[in-house]
Amino acid sequence: MADLIEPIIQDNFFTDPDKIRQFALESTEFWPSSCHVLQGTWPGERSFLLQWLSSNMVNEFLGNLFELLGVDPATSVRLGIQYNFCTAD
């Protein structure tokens with residue numbers, strides 16, 4: 001198994017985290033892991049890719065992440081960013 005990196009905790013990562021949470025609760029559909037092309041086994045459900053839902057939120061996320069990690073903003077990346085909705089299952 002690959003070594004896991006230490007988690008990074010950053011206060012005030014988003015300028016308005018309540019707006020992001022509200023967006024997730026009101027405007028996205030969630031799908032169980034069994035709908036994933038690889039038949040995922042994660043708990044709960046996931047949204048569509050955030051890139052498909054809100055380019056503004058993706059831009060804020062990537063800008064903050066690049067700044068936090070010291071990555072050049074011109075760097076090309078490919079990330080799968082999704083909301084995860086935890087359920088009792």
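See the structure above.
Novice: Just to check I follow, could you spell out the nonpolar core for this structure?
Specialist: Here is a general trend for soluble globular proteins: nonpolar side chains tend to be buried in one another's company. Membership of the largest hydrophobic core is limited to nine residues, which are Ile20, Ala24, Leu50, Met57, Val58, Leu62, Phe66, Ile81 and Tyr83. Those elements giving two or more residues to this core turn out to be helix H1 (17-27) and helix H3 (55-69). Those residues within four positions of phenylalanine 66 in sequence are excluded, and the remaining contacts are Val71, Asp72, Pro73, Thr75 and Val77.

Novice: For this particular structure, what's the right way to read a nonpolar patch on the surface?
Specialist: Taken together, the side chains of Ile8, Leu68 and Leu69 make up a nonpolar region of the molecular surface, amounting to roughly 260 Å² of accessible area. Considering the arrangement of structural elements, one finds isoleucine 8 in the segment before H1.

Novice: Teacher, can you tell me more about unusual backbone geometry here?
Specialist: Negative phi values dominate among residues other than glycine, just as trans dominates among peptide bonds. Of note in this structure, asparagine 12 is not a glycine but carries a positive phi near 55°. Summarising the element assignment, asparagine 12 is placed in the segment before H1. Using a relative accessible area of 75% as the deciding quantity, one classes asparagine 12 as exposed.

Calculation rules
Numbering of residues starts from 1 in every chain and runs along the sequence as written. Given that the model is predicted, a residue must reach a pLDDT of at least 70 before its local features are reported, and side-chain atom pairs must reach 80 or more before they are shown or counted; all residues, however, enter totals for whole chains, interfaces and linings. In computing side-chain properties, one takes all heavy atoms of the structure into account and sets aside hydrogens as well as water. In these notes, a set of buried Ala, Val, Leu, Ile, Met, Phe, Trp, Tyr and Cys residues joined through side-chain atoms within 4.5 Å is what counts as a nonpolar core. With a 1.4 Å probe rolled over the protein chains alone, any residue whose accessible area is under 20% of its type maximum counts as buried; one over 50% counts as exposed, and the rest are partly exposed. Only runs of H or I of at least four residues qualify as helices and only runs of E of at least two qualify as strands under DSSP, and these elements are numbered from the N terminus. The contact rule is simple, with two residues in contact once any of their heavy atoms fall within 4.5 Å. Exposure above 30% relative accessible area and no salt bridge define the residues that can form patches, which grow by joining like charges within 9 Å and nonpolar side chains of Val, Leu, Ile, Met, Phe, Trp and Tyr within 5 Å. The method behind every accessible area is Shrake-Rupley, applied with a 1.4 Å probe, and residues are considered shielded solely by the protein chains displayed. Each salt bridge in this description consists of a side-chain nitrogen of Lys or Arg and a carboxyl oxygen of Asp or Glu lying within 4 Å of one another.

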